[in-house]
Amino acid sequence: MKILAITNQKGGVGKTTTSVNLAASLANLGKAVLLIDLDPQGNASTGSGIDKAFLKHSIYHVLIGDKSLQEVIVSSAKGGFDVAPANRDLAGAEVELVNELARENRLKVAIAKLLNSEGAKTYDFILLDCPPALNLVTVNALTASNAVLIPMQCEYYALEGLSDLVNTIKKVRARLNPTLEIEGLLRTLFDNRNMLAQQVSAQLISHFGDKVYKTIIPRNIRLAEAPSYGMPVLTYDKNSKGAQAYLELAKEVSEKDINRKEKKHG
């Protein structure tokens, strides 16, 4: 099973779009997927067809220890995957956990309890949609994960933000999660006609090599429209360029996971 944190402290890079649509695309490939929404805005929950206004319990209650992860999971009928949803309550978790012991491990412990629960569903992938900040919730996600997927636009300022994120990942690896690695960098909102985007893309490949996913997510109106209907783009318009790109990404992520398992056991 792969636990993948989808994170970038810079907003507007397609992080939540990637979380929802990768979850749906992996489910389309026959994988059992749990998407954990760790952003107080709850956009991944909304984009999965879940009404935040009617949530009795959310990932906030898991982090503060009131509920188990199994108790808050709901199904995304339009996406074919499970969701641990979030709403604005989550914004208070950081303050409430500040004086707690082992506060960086709350999510890791919750996931471990879920996986060891009698009769619990077995997941192939757990995706963590992180907030656009390097805060305690993000540190919880990085501590709980096997690897990190970094969505990013190919623009100048994105490179500066990437440097900060890589440093944070190194610190978490050194202090909290020695097995954490960068799974891959995903180029999002890509416009091939933009010369700067091409230059930054080339820089990423030069520096990170095969850590850069071959799949590129294009700017696509269907990707932008789908969340307003509470569904992944694969459900909204499966023939759109955006839907096809995320299906390709899901195949690439699955292949990487298979290769990792083969190396581990080989």
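Quick note: structure is the one above.
Report on the accompanying structure. All figures in this text were calculated on a predicted structure; none of them were measured in a lab.

1. Description of the environment of A77
Examined against the element boundaries, A77 turns out to sit in the loop between β3 (74-76) and β4 (81-84). Judged by its relative accessible area of 77%, A77 is exposed.

2. With respect to the sheet that holds strand β5 (residues 125-129)
Pairing in this open sheet of eight strands is mixed, and the strands run β3-β4-β2-β5-β1-β6-β7-β8 from one edge to the other. Each edge of the open sheet is held by one strand with a lone partner, namely β3 and β8 (212-218). Ignoring strand direction, the axes of neighbouring strands in this sheet form an average angle of 25°. Two elements, strand β1 (residues 2-6) and strand β6 (residues 147-152), share three bridges in a ladder whose sense is parallel.

3. Notes on the nonpolar core
If you look at the biggest cluster of nonpolar residues, it comprises 51 residues, and the most contacted ones within it are I36, I59, L69, L107, I111 and L128. With six residues, the single largest contributor to this core is helix α8 (residues 156-175). Each residue touching L69, except ones within four places of it in the same chain, is listed here: L34, I36, I59, V62, A84, A110, I111 and L114.

4. Some points on a nonpolar patch on the surface
Taken together, Y156, Y157 and L196 make up a surface patch of nonpolar side chains, about 360 Å² in accessible area. Structurally, L196 is set in helix α9 (residues 195-208). Judged by its relative accessible area of 40%, L196 is partly exposed.

5. As for the environment of V95
Along the polypeptide, V95 turns up in helix α5 (residues 93-97). You can call V95 exposed: its relative accessible area is 62%. In sequence terms V95 and T16 are 79 residues apart; their C-alpha atoms lie 24 Å from each other.

Definitions and limits used
Along every chain, residues carry numbers that run from 1 in the direction the sequence is written. Local features in a predicted model are, by the rule used here, given only for residues with pLDDT of at least 70; side-chain atom pairs are given and counted only at 80 or more, and totals for whole chains, interfaces and linings are based on all residues. The side-chain values count all of the structure's non-hydrogen atoms but skip hydrogen atoms and water molecules. Per the convention used, a helix needs a DSSP run of H or I reaching at least four residues, while a strand needs a run of E reaching at least two, with both numbered from the N terminus. Three exposure classes are used, based on accessible area relative to the maximum for each residue type with a 1.4 Å probe and protein chains only: buried under 20%, partly exposed in between, and exposed over 50%. Two strands are counted as paired when DSSP detects at least two bridges linking them. Every axis corresponds to a line fitted to the C-alpha atoms, with the helix fit spanning only the stretch in contact, and the corresponding angles, defined between N-to-C directions, vary from 0 to 180 degrees. The term nonpolar core refers to a set of buried residues drawn from Ala, Val, Leu, Ile, Met, Phe, Trp, Tyr and Cys, joined through side-chain atoms within 4.5 Å. Residue contacts are counted whenever heavy atoms from the two residues lie within 4.5 Å of one another. Every patch collects residues that have over 30% relative accessible area and no salt bridge, joining them within 9 Å if they carry like charges and within 5 Å if they are nonpolar side chains (Val, Leu, Ile, Met, Phe, Trp, Tyr). Using a 1.4 Å probe, the Shrake-Rupley method yields the accessible areas, and only the shown protein chains count as cover for residues. Any Lys or Arg side-chain nitrogen located within 4 Å of an Asp or Glu carboxyl oxygen qualifies as a salt bridge.

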